[in-house]
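Structural description and commentary
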Protein chains: 2
Amino acid sequence: MKATIITIGDEILIGQILDTNSRYISRTLNAHGIVVAERTSIGDNRTQIVETLDRALSQSEIVIITGGLGPTKDDITKHTLCEYFGSTLRYDEVEAKHIRTLLEARNIVFNDLNRGQAMVPECCTVLHNAHGTAPGMWFEQEGRVVISLPGVPFEMQHLIDEEVMPRLTARFELREIIHRTMITFGIAESILAERIAAWEEALPEYLHLAYLPAPNVVRLRLSAYEVEGKEVSREIDSQFEKLHTIIPDNIAGFEDASVEELVHNILINRGQTLAVAESCTGGAIASKFTAQAGASAYFLCGVVSYSNESKCNVLGVQMSDIEQYGAVSEQVAKAMAQGAKVISGANFAISTTGIAGPTGGTKEKPVGTVWIGIATPDKCFAVRKNCGTDRSQIISRATAYAIAMLYDELK
Amino acid sequence: MKATIITIGDEILIGQILDTNSRYISRTLNAHGIVVAERTSIGDNRTQIVETLDRALSQSEIVIITGGLGPTKDDITKHTLCEYFGSTLRYDEVEAKHIRTLLEARNIVFNDLNRGQAMVPECCTVLHNAHGTAPGMWFEQEGRVVISLPGVPFEMQHLIDEEVMPRLTARFELREIIHRTMITFGIAESILAERIAAWEEALPEYLHLAYLPAPNVVRLRLSAYEVEGKEVSREIDSQFEKLHTIIPDNIAGFEDASVEELVHNILINRGQTLAVAESCTGGAIASKFTAQAGASAYFLCGVVSYSNESKCNVLGVQMSDIEQYGAVSEQVAKAMAQGAKVISGANFAISTTGIAGPTGGTKEKPVGTVWIGIATPDKCFAVRKNCGTDRSQIISRATAYAIAMLYDELK
C-alpha cells in the first residue's frame, strides 16, 4: 500500500518553518506497513494543490495532506478539496459546539471566522480535532483515500494517532514494513563498507541496506517492505549476528535509538545518575536527556556555566586555572565535570568548554575547539575535539561527541 | 525564476531523519530572489529520480538535488544523473587528492570506494566540497541548471553558500523576494483577522498576507515575489505602520526574529545580563539563547535543576518550600528565579518548574502544569500556565511562554 504526503503552506516553501509534520506521518505510516512513495511541499495555490493531488492519486492509494485549514483567507485547502470532490460545504453543529467550547475556555468570542471553521464538505467524513478548532477531513474516491489535517503539529499528531490510523488499518489490508538499525562506532563509512562487502553481497534480495553516517557513528539500516514481519525480523537478527564476528569492536547498539536513548536506558537500568556542566553546548546536552520521558530518574542537574564567574561560583572551578590555562582547556573541562558531579551527587558527569564562534578563536585554539570532560565514579579525564567551523555545527557535534564519550564509558 | 528542490534518501521517506536541508536551501534561494515552486522528497530509486527530475525541469529553471552521493552502493544519485545527461564518469585528480588529504587527517586509508567518490560525470562542472569527500555537481541543459549536492547538512550548506549561490546569481538575472513579518501578541488568530479585515482587504494585489499562529503569538507575514525590493519594502513599512493604529497594544516586534532574538538584541544593546533556572524545560531555554552568536555578552549561567536537591544546593531554594508547596509551585518558581539571579549576578532571571509528563500529574496539578518565574532588577513573580498534554509540546510551549514573558518585561 502506497501513500503520498502533501504539506501545504508558503511558510514551508520560503523556509520560514521546518516541516516536522511529514516526518511524523512518515514514521507512523511505516510503523503500520504503509510505504511512503513521495513527500511534496507546495504553496497555498489552488492550481498547484489540484495538480499535486491528481498526481498523488495516480501513484498511491492514500494521500495525506496537512496545512491550510486555518480560519483566515490565506488558507484555501478546504475550499479547494470541496471543489475537487464536487461537493458543497455544510454547517456542522457538533464541530461548531466544540469550537465554541474551546474558545470560551480562552475567553475568545466565537465569530464568523470560527463559524467558517465549522463548515465541512458534504461528502467527507469529519475527523474530530479534540485539540484545536480545525476539523480533519476524510474523502474517498474510487477506492482511494484523501485525508486533510491541520498543520499545527500536535493537533495533526493527535488526529493521526486517534482518528486516521485506526480508520486506515480497518479500511486497508496492510502488510508489514521492517526497519532495523545497527549503530557502529569508530569506523569510517568507506572502511566499514569495504569490511562488510561480502556480507552485503550475500544479503537476501528483499533486504535493503543503507549507510547513515553521522559524527563518530555510522548507522546500518536493513529495511524490508510489505513482508511477513516475524519471519523477516528473524532473518535480520541472523544477518546482524554475522556482523558481530566481522566488526566485533565497532557495534554500539541497535534500533533507531539515538546514543542519548542508549545512555538513558543504561542509567535507568543500573540506577545510576548523571549531571552535566556545559559551556559551548549551552544546554543542548541537558535538553537531549531531559526531552526523554523518565529522565528525572537519573538526570540530577545541569549547569550552563557560560561566564567564568559561574564556572567558579557554581561549579567550583579555580579562577587561577582559568587564568593559567584558559576557559577552553583540559584542566577546566575536568574541573567542570568534577564540579558537576560533586554539587549534584551524581555518579557520572559530562562537561564541555569550547569556542562555538563565530568570534573568539585564536591560532592555538581556533573556533571549533572543544574540550569534553567526563567524570565517572573512579576517574576524570578530558579529550580535545575539533567540532567544525559553524556555530550550530559546533554545538551539535560537541553534543554528539560528549554523549558518545559517556556512552563509551558506560557500555 | 523558479526552483524545485529534490531531496533523495529512503531515510527521509521512512521518517528516520528530519529534512533540514530543504529549509536551508529554501531560505537561501528566497534571499536571492529565486522562488521555490515545490520541494519533493523521494527514495534512492532510479526511476523515481528520473521522473521527478523530468517534472522539475518542466516547471522550473533551477533544480537542486541533495543526497545519495555517499561512497556506498545504496547511493545512486551520481550514476543516475550521469546517465540522465548522457555522460560518462571520469577520474578527477584534484578531487582525489582532496579526498586523500581529508582521510589522512583522520588516519583513514584511501580505498576503492573513496576512489569512486573522485569519479565525476564528464559533462558537469565540479563544485568543490572543502568540508567533505563527495563533490557537488553542476549540470546545464537547454538553459536550465541541475545542481547535485551531498546530503550531510553542513557540507551542503557550505556548498550552497560558497559554490552554488555565486554561480546562480552570475548565471541568471534575478529580481527580489521580500518577506516581512510582524509579530503580534495576546490576540487570537480569528479575532485578529476580524480586527484587521478592512486593512487586509485594501492591501495592494502584489502583497500576500499570511497568518502564522503559535502559542501566544500570531505572526503576520507580507510577501512579494520577484519585485523591485526597495519600493516594495517602503510599501510594506507603510502598511505595517497602519496596523500600529488598529492593534496598538498587540505588536511585539518585526521581521522573522524569534522572541529569543528580540530578547538577545535588547540585552546586548542595554548591556544587561540573564540567567535561567530550568526544571521541566530541561535546558531548552538556555539552548535557545546560547545558539545565538554573541550570547556570551549577556548569558551568564543556566541551571537545569532537575532534582529537588539541586534546586536547594545550587539555587538556594528552601527544601521546606518544596515540601510545603511542592516543586511545581509559585513559591518554588520564584525562589528558582531569584536563586539564579543571585548565584550569577545577572540583572534578569527566568525559571520554569512543571510537569512534562507523561507521568507525575495529579488532579490539582495535571501534566502540562508549568509555573514560570521572572526575576527583574526590582521584582520577582511567577505565573501558572497550562502547556498541553504531550511532553515535547509542554517543553516547547513552556520555553516559548517563558521567553515571551521575559520579553514582555523588557520591552
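Residues numbered from 1 in each chain as written. Chains lettered and ligands numbered in written order. Predicted model: local features only at pLDDT ≥ 70, side-chain atom pairs only at ≥ 80, totals over all residues. Heavy atoms only, no water.

**Considerations on the overall build of chain A**
Operational definition: By the criteria applied, helices consist of DSSP H or I runs no shorter than four residues and strands consist of E runs no shorter than two, each listed in order from the N terminus. In this scheme, a residue with accessible area under 20% of its type's maximum is buried, one over 50% is exposed, and one in between is partly exposed, where area comes from a 1.4 Å probe on protein chains only. Residues count as neighbours in contact if any of their non-hydrogen atoms are within 4.5 Å of one another. Where accessible areas are quoted, they stem from the Shrake-Rupley method and a 1.4 Å probe; at the residue level, only the protein chains shown are allowed to cover. In this tally, Lys and Arg are treated as positive and Asp and Glu as negative; His is ignored, and so are the chain termini. Lysine's charge is taken at NZ, arginine's at CZ, aspartate's at CG and glutamate's at CD.
Looking only at helices and strands, chain A features 16 helices and 17 strands. Counting only C-alpha atoms and orienting by the principal axes, one finds that chain A spans roughly 75 × 60 × 40 Å. Taking all 411 residues of chain A together, the buried fraction comes to 60%. For chain A, long-range pairs separated by at least 24 residues make up 67% of all intrachain contacts whose partners lie at least 6 apart in sequence. Carbon and sulfur atoms make up 48% of the accessible area of chain A, which amounts to about 16100 Å² in all. Treating the 37 positive side-chain charges of chain A as one cloud and the 51 negative ones as another, the clouds have centres 4 Å apart.

**Regarding the pattern of salt bridges**
How we decide: The rule for a salt bridge is simple: a side-chain nitrogen of Lys or Arg has to be within 4 Å of a carboxyl oxygen of Asp or Glu.
Across all of its chains, the model carries 20 salt bridges over all chains by this definition. Ionic pairing is found between R167(A) and E163(A), a salt bridge with its closest N-O pair at 2.8 Å. Placement of the pair is R167(A) and E163(A) together in helix α7 (residues 153-171), with a separation of four residues, close to one helical turn. Looking at R167(A), the relative accessible area reads 30%, which means it is partly exposed. Overall, the relative accessible area of 18% leaves E163(A) in the buried class. As a salt-bridge pair, E140(B) and R171(B) come within 3.1 Å of each other at their nearest N and O atoms. Here E140(B), found in strand β7 (residues 136-141), pairs with R171(B), found in helix α7 (residues 153-171); they are 31 residues apart in sequence, far enough to count as distant. Through salt bridges with shared partners, a single network forms among E38(A), R55(A), E38(B) and R55(B).

**Some details on unusual backbone geometry**
A cis amide bond links G357(A) to the next residue, P358(A), at an omega of 5 degrees. At E142(B), a residue that is not glycine, the phi angle is positive and equals roughly 50 degrees. Along the chain, E142(B) turns up in the loop between β7 and β8 (144-149).

**Some words on the interface of chain B and chain A**
Heads up, the condition is: Accessible area, probed at 1.4 Å, shrinks when two parts are joined; the buried area is that loss added up over both.
Listed per partner, the contact involves 88 residues of chain B and 88 residues of chain A. Summed over both sides, the interface between chain B and chain A buries roughly 6800 Å², with carbon and sulfur atoms accounting for 54% of that surface. Its largest share of buried area at the contact with chain A, chain B owes to I14(B), Q16(B) and R39(B), together 10% of the area lost on that side. Our count for the chain B to chain A interface comes out at four salt bridges.

**Remarks on the relation of the copies chain B and chain A**
Going by this rule: Copies overlap after least-squares fitting; the atoms used are the C-alpha atoms of residues with pLDDT of at least 70 in both.
Each copy of the sequence occupies a distinct position, and chain B is placed on chain A by a rotation of 180 degrees and an axial shift of 0.1 Å, giving an RMSD of 0.1 Å. What we have between these two chains is a two-fold relation. Both copies contact each other with a shared surface, as 100% of the interface residues of chain B are interface residues in chain A too.

**A short note on the sheet that holds strand β17 (residues 380-386) of chain B**
Condition: Paired strands are those between which DSSP finds at least two bridges. Orientation is described by axes fitted as lines to C-alpha atoms, over the contacting stretch for helices, and by angles from 0 to 180 degrees between their N-to-C directions.
Overall, mixed pairing links the ten strands, which are arranged β17(A)-β16(A)-β15(A)-β13(A)-β14(A)-β14(B)-β13(B)-β15(B)-β16(B)-β17(B) in an open sheet. At either end of the open sheet lies a strand with only one pairing partner, and these are β17 (380-386) of chain A together with β17 of chain B. Direction aside, neighbouring strands of the sheet carry axes that sit 10 degrees apart on average.

**A short note on the packing of aromatic side chains**
Residue and element names in this part refer to chain A. Filter applied, for reference: Classification of ring pairs rests on two measures: the distance between centres of Phe, Tyr or Trp rings, Trp counted by its six-membered ring, which must be within 6.5 Å, and the angle between planes, read as stacked under 30 degrees, edge-to-face over 60 and tilted in between.
In total, this model carries ten aromatic pairs over all chains according to the counting rule given. Between Y84 and F85 the ring centres are 5.1 Å apart and the planes differ by 75 degrees, which places this aromatic pair in the edge-to-face class. Given the relative accessible area of 21%, Y84 is considered partly exposed. The interplanar angle of 10 degrees and the centroid separation of 4.5 Å between the aromatic rings of F85 and F139 together place this pair among those described as stacked.

**So, the packing of helix α2 (residues 21-31) of chain A against α7(A)**
Residues and elements named next belong to chain A. The condition that has to hold: Put simply, angles under 35 degrees are roughly parallel, angles over 145 are roughly antiparallel, angles from 65 to 115 are roughly perpendicular, and the rest are oblique. Crossing handedness follows the turn of the near helix against the far one: under a right angle anticlockwise gives a left-handed crossing, and clockwise gives a right-handed one. In the scheme used here, Gly and all other residues not listed as nonpolar or charged are polar, with Ala, Val, Leu, Ile, Met, Phe, Trp, Tyr, Cys and Pro taken as nonpolar and Asp, Glu, Lys and Arg as charged.
Between α2 and α7, whose axes approach to 11 Å, the crossing angle comes to 25 degrees. Considering the angle they form, α2 stands roughly parallel to α7. The two elements α2 and α7 cross, and the hand of that crossing is right-handed. The segment α2 lies against α7, with N21, Y24, I25, T28 and L29 engaging P153, M156, Q157, I160, D161, M165 and L168. Of the residues belonging to the contact of α2 with α7, the class tally is eight nonpolar, three polar and one charged.

**Quick notes on the sheet that holds strand β8 (residues 144-149) of chain A**
Sheet architecture is open: twelve strands sit in the order β6(A)-β7(A)-β8(A)-β3(A)-β1(A)-β2(A)-β2(B)-β1(B)-β3(B)-β8(B)-β7(B)-β6(B), paired in mixed fashion. Looking along the sheet, the strands with just one partner apiece sit at the ends: β6 (125-127) of chain A together with β6 (125-127) of chain B. On average, each strand axis in the sheet is tilted by 20 degrees relative to the strand beside it, whichever way the strands run. Sheet topology note: the β6(B)/β7(B) ladder contains three bridges and is antiparallel. Bridging from a neighbouring strand, V126(B) pairs with M137(B) of β7(B).

**A look at the nonpolar core**
Using the following cut-off: For our purposes a nonpolar core is just a set of buried Ala, Val, Leu, Ile, Met, Phe, Trp, Tyr and Cys residues, chained together by side-chain atoms within 4.5 Å.
Counting 45 residues, the largest nonpolar core has V263(A), L274(A), F289(A), F299(A), I350(A), L406(A) and Y407(A) as the members making the most contacts within it. Mapped by element, the contributors of at least two residues to this core are β9 (176-185), α11 (259-270), β13 (274-278), α12 (284-290), β15 (348-354), β16 (369-375) and α16 (391-410) of chain A. Top contributing element to this core by residue count: α16(A), with eleven residues. In this view, I350(A) contacts L274(A), A275(A), V276(A), A277(A), I285(A), F289(A), I372(A), G373(A), I374(A), A402(A) and L406(A); residues no more than four positions away in its chain are not counted. Core analysis: the second largest hydrophobic core is formed by 39 residues, V217(B), V276(B), Y401(B) and L410(B) among them.

**Topic: the state of the cysteines**
The test is simple: Two cysteine sulfurs form what is called a disulfide whenever their separation falls within 2.5 Å.
Here the structure, examined in full by the defined rule, presents zero disulfides over all chains. Cysteine C301(A) remains unbridged, with the sulfur of C301(B) as its closest cysteine sulfur at 9.4 Å. Take C301(A): its relative accessible area is 2%, and that puts it in the buried class.

**With respect to α7(A)**
The criterion, for reference: Note on bend: at a given residue it equals the angle between the axes fitted to the 7 residues ending there and to the 7 starting there.
Taking the largest bend as the criterion, α7(A) deviates by roughly 40 degrees, centred on I160(A). Buried residues of α7(A): F154(A), E155(A), M156(A), H158(A), L159(A), I160(A), E163(A), V164(A), M165(A) and L168(A), and no others. Of the surrounding secondary structure, the elements contacted by the buried residues of α7(A) are α2, β3 (62-66), β6, β7 (136-141) and β8 of chain A together with α16 (391-410) of chain B.

**Some thoughts on the packing of α11(A) against α16(A)**
Residue and element names in this part refer to chain A. At a closest axis distance of 9 Å, the pairing of α11 and α16 adopts a crossing angle of 40 degrees. As summarised for this structure, α11 and α16 are arranged oblique, according to the angle between their axes. Between α11 and α16 lies a crossing of left-handed hand. Packed against α11, whose contacting residues are V259, E260, L262, V263, I266, L267 and R270, the element α16 presents I403, A404, L406, Y407 and L410 at the interface. In terms of residue class, the contact of α11 with α16 is built from ten nonpolar, no polar and two charged.

**Thoughts on the pairing of strand β15 (residues 348-354) of chain B**
Residue and element names in this part refer to chain B. Burial within β15 is extensive, with seven of its seven residues counted as buried. Here β15 shows no split at all, with F348, I350, T352 and G354 on one side and A349, S351 and T353 on the other all buried. Pairing analysis gives five bridges linking strand β13 (residues 274-278) to β15, with the strands arranged parallel. What sits directly across from A275, in β15, is A349. Bridge count for β15 against strand β16 (residues 369-375) is six bridges, and the pairing is antiparallel. Bridging across to β16, S351 finds its partner in G373.

**Some remarks on the environment of A56(B)**
Residues and elements named next belong to chain B. Inspection of the secondary structure puts A56 in helix α3 (residues 46-59). The exposure class of A56 is buried, given its relative accessible area of 1%. For A56, the residues in contact, after removing those within four places along its chain, are T4, I6 and V63.

**Examining the confidence of the model for chain A**
In plain terms, the rule: Each residue carries a pLDDT score, the predictor's confidence in it, ranging from 0 to 100.
Confidence along chain A averages 93 in pLDDT terms, with 99% of residues attaining 70 or more. Model confidence for the complex is summarised by a pTM of 0.79, with the ipTM given as 0.79.

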